[in-house]
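Residue-level listing of the chains:
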Amino acid sequence: MSQLWTIIRREFASYFSTPLAFVFIVVFLLANGLATFYLGEWFAMGQADLTSFFMFHPWLYLFFLPAISMRLWAEERRNGSIELLLTLPVPLWAIVFGKYFAALAFSGLALALTFPVWISVNYLGSPDNGVIIASYLGSLMLAGGYLAIGSCLSALTRNQVIAFVISVVACFLFTVSGAPLVLDVFRGWAPQVLINTLASFSLLTHFRAITGGVIDLRDVVFFLTLIGGFLVATMVIVDMKKGEGA
Amino acid sequence: MIEVENLVKKFGDFTAVNNLSFAVESGQVMGFLGPNGAGKSTTMKMITGFLRPTAGTARIAGIDICEQPMAAQTQLGYLPEGAPAWPDMTPRQFLEFITRIRGFDKPAARAAMTRAVGMTELHGVLDQPIDTLSKGYRRRVGLAQAIVHDPDVLVMDEPTDGLDPNQKFQVRQAIEEMAAHKAIIISTHILEEVDAICSHAMIIDRGEIVAEGTPSALAARSRFFGAVSLTLDTQLLGQAQALLQNIANTRLEVLTRGVETVVSVFAENDSLDASALLTQVQTLIGQQDWSVRALALETGRLDDVFGTLTRKPRPSTEAAS
């Protein structure tokens, strides 16, 4: 356990060793603001809530989070430090989860820094703060899902650009799998079970359910299963590469 | 301390390491020699648990690296090729991380770091990010990381590669200091290094051991072993050649480097023992009053052995890969 904590600390600190972390946070906050106020027409809505703020999170995360997760493993491979990491007496799960939790903590920090929006709506009106808290949690779980997918795909390659691109594509597929755009393609010929299964894999559907203000256990279980599944897949891939020697 | 048993590693159709077995005891420094691509690094990666062997295994202090990797890795210090580290960390942060992950408490970690930093002389750069350090310092940071927990077994992949002569000397000195109570494997393609620090040496080529023994025993397999070499002015060469050829049952080999020439006298078919040959050559020099710059009874040349053993043509089946 203390080894897990040591890894989380090292990884988390490494985000702040370069100005990149600050650039990332600033750009993320700006993009968030632009999306909420311009695309979401927050002022025109005349409502003191954060619906239009959370609405864009899946699409912002789609590009921002693969930028964090791409380096998790690809950079270690390129740098050679993976050889150091994997020959220390540490269980593989501690390395995989340690790296993941550090990435999650960093994106959580970026998310937490959006708090002025929350303060603003409370100043302007009286929003349902319960819904807002639920939405923040939902947003964090969504981020967790994207990062787990990204961690797994980063373990496949030593090239960060490739890791980024395939992560964006994979996250996009997981996001839109419940959208009419996708489901209409299957509707009419595929059995309903398949369509339901496909729709149930959509991060967007589960995220929307939570930001609606209801934390349903099924949505939480979905996110935790997805995250757990992709982290276990990360472990399998890293372990497999030990056998291949790549 | 280190036992390697029938280690095999295949990458697809290519056999990188083919049935390698050897043992290194505590107090021994094993030098791993071989041309690039011979399988040195691959072997080390398997011994340290970074790669899984296709077959066979290695034991560190009696613990099987494949069955109990963590227990084995606790006893092990490893300097991977190129001494990788996290470039954004300082050596202090880096070593703190390593000691913490190896389970040291604060006072023990401090003592261990002081020791490792002392041996690798890192005091001056402890708080500079690793990517701003020179190659020599980076190598020493890697070395400090490998020895910080005072392991019984040390595996180092080209510890002196890319260092200047002074830095090489320092790293070798650090290895010699530790050698007495550790089992050490180093890989290198610098032959002088084997003479300088290794108690044992092994030449591998295409994944197989082609020669093994103490450095002097290996050198003795050289065709120069037992020959008498004399260095003299190139001007004297014609005269010397004529007279040296008169010694019965000998053959000459001449190597001219500008004004200096080395003449090696070989006894053919062991007809003459080495000291008798030396005496004859000395007598001749005395009679002729040549000014000889150097005269030596050859103890063998490691580079010659290395070249002979690792320059065999590849079998045609492997030529494609």
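Residues numbered from 1 in each chain as written. Chains lettered and ligands numbered in written order. Predicted model: local features only at pLDDT ≥ 70, side-chain atom pairs only at ≥ 80, totals over all residues.

## Looking at the overall build of chain B
And then number 1: In terms of regular secondary structure, chain B is built from 12 helices and 14 strands.
And then number 2: Across its three principal axes, chain B shows a C-alpha extent of roughly 75 × 50 × 35 Å.
And then number 3: Across the 321 residues in chain B, those meeting the buried criterion constitute 42%.
And then number 4: The contacts of chain B with a sequence gap of at least 6 include a subset with a gap of at least 24, amounting to 68%. (Helix = DSSP H or I, 4+ residues; strand = E, 2+ residues; numbered from the N terminus. Buried ≥ 20, exposed ≤ 12 C-beta atoms within 10 Å, placed from the backbone. Contact = placed C-beta atoms within 7 Å.)

## What to know about the overall build of chain A
And then number 1: Looking only at helices and strands, chain A has 15 helices and 0 strands in total.
And then number 2: Relative to the 2.2 N^0.38 estimate, which gives 18 Å for 246 residues, the radius of gyration of chain A is 19 Å and therefore close to what a compact globule would have.
And then number 3: Each principal axis of the C-alpha distribution contributes one length, and for chain A these read about 55 × 50 × 30 Å.
And then number 4: For chain A, contacts bridging at least 24 residues in sequence account for 79% of all contacts bridging at least 6. (Rg over C-alpha atoms; globule rule 2.2 N^0.38 Å.)

## Observations concerning the domain arrangement of chain B
And then number 1: As assigned here, chain B comprises domain 1 (2-219) and domain 2 (228-298).
And then number 2: One C-alpha centre belongs to domain 1 of chain B, the other to domain 2 of chain B; they are set 43 Å apart. (Domains from an automatic or database assignment.)

## Quick word on the sheet that holds strand 4 (residues 55-60) of chain B
All names here are of chain B.
And then number 1: Spatial ordering of the open sheet is given by 2-1-4-5, a layout of 4 strands whose pairing is antiparallel. The open sheet has two free edges, formed respectively by strand 2 (14-24) and strand 5 (63-64), since each of these has just one partner strand.
And then number 2: Bridging between strand 4 and strand 5 involves 2 bridges; their strand directions are antiparallel. The residue of strand 5 that forms the bridge with Arg 59 is Asp 64. (Pairing = 2+ DSSP bridges.)

## Let's talk about the interface of chain A and chain B
And then number 1: Taken together, the 20 residues of chain A in the interface contact 21 residues of chain B.
And then number 2: Looking at the side of chain A that touches chain B, the elements that each hand over two or more residues are helix 1 (2-15), helix 7 (81-86) and helix 15 (217-244) of chain A.
And then number 3: Split by residue class, the side of chain A that touches chain B holds 6 nonpolar, 11 polar and 3 charged. (Nonpolar A, V, L, I, M, F, W, Y, C, P; charged D, E, K, R; others polar.)

## Structural notes on unusual backbone geometry
Residue and element names in this part refer to chain B.
And then number 1: Positive phi, normally seen in glycine, also occurs at Asn 19, with a value near 55 degrees.
And then number 2: For Asn 19, a count of 14 C-beta atoms within 10 Å corresponds to the partly exposed category.
And then number 3: One non-glycine residue, Asp 150, lies in the positive phi region at around 50 degrees.
And then number 4: Secondary-structure assignment places Asp 150 in the loop between helix 5 (135-147) and strand 7 (153-157).

## Comments concerning the pairing of strand 9 (residues 200-205) of chain B
All names here are of chain B.
And then number 1: Across the 6 residues that make up strand 9, a large majority, 6, are buried.
And then number 2: By the bridge criterion, 4 bridges tie strand 3 (residues 29-33) to strand 9 in an arrangement that is parallel. Bridge pairing in strand 9 places Phe 32 opposite Met 202.
And then number 3: Bridging between strand 9 and strand 10 (residues 208-213) involves 5 bridges; their strand directions are antiparallel. Note that in strand 10 the partner of Met 202 across the bridge is Glu 212.
And then number 4: Two successive antiparallel strands, strand 9 and strand 10, enclose a turn made up of 2 residues, where Arg 206 displays a positive phi of approximately 50 degrees.

## Some thoughts on helix 11 (residues 160-176) of chain A
Residues and elements named next belong to chain A.
And then number 1: If you check helix 11, its first and last C-alpha atoms are 24 Å apart, about what 17 residues at 1.5 Å a residue would give, namely 24 Å.
And then number 2: When helix 11 is considered as a whole, its buried residues turn out to be Gln 160, Ala 163, Phe 164, Ser 167, Cys 171, Phe 174 and Thr 175. Here the buried residues of helix 11 occupy an arc of 100 degrees about the axis, which is enough to place them on one side.
And then number 3: Looking at the buried positions of helix 11, the neighbouring elements they touch are helix 5 (57-69), helix 6 (71-79), helix 10 (129-154) and helix 14 (203-211). (Expected span 1.5 Å × (residues − 1). Arc of directions from axis to C-beta.)

## Topic: the confidence of the model for chain A
And then number 1: For chain A, the mean per-residue pLDDT works out to 88, and 96% of the residues sit at or above 70.
And then number 2: Here helix 3 (residues 42-45) of chain A is the element of chain A with the lowest mean pLDDT, 68, and helix 8 (residues 92-112) of chain A is the one with the highest, 96. (pLDDT = per-residue confidence, 0-100.)

## Remarks on the packing of helix 5 of chain B against helix 6 (residues 165-179) of chain B
Residue and element names in this part refer to chain B.
And then number 1: At a closest axis distance of 11 Å, the pairing of helix 5 and helix 6 adopts a crossing angle of 10 degrees. Between helix 5 and helix 6, the crossing angle belongs to the class labelled roughly parallel. Note on element contacts: helix 6 touches helix 5 through Gln 167, Val 171, Ala 174 and Met 178, opposite Gly 136, Arg 139, Leu 143 and Ile 147.
And then number 2: Grouping the constituent residues of the contact of helix 5 with helix 6 by class yields 5 nonpolar, 2 polar and 1 charged. (Axes fitted to C-alpha atoms, helices over the stretch in contact; angles between N-to-C directions. Parallel < 35°, antiparallel > 145°, perpendicular 65-115°, else oblique.)

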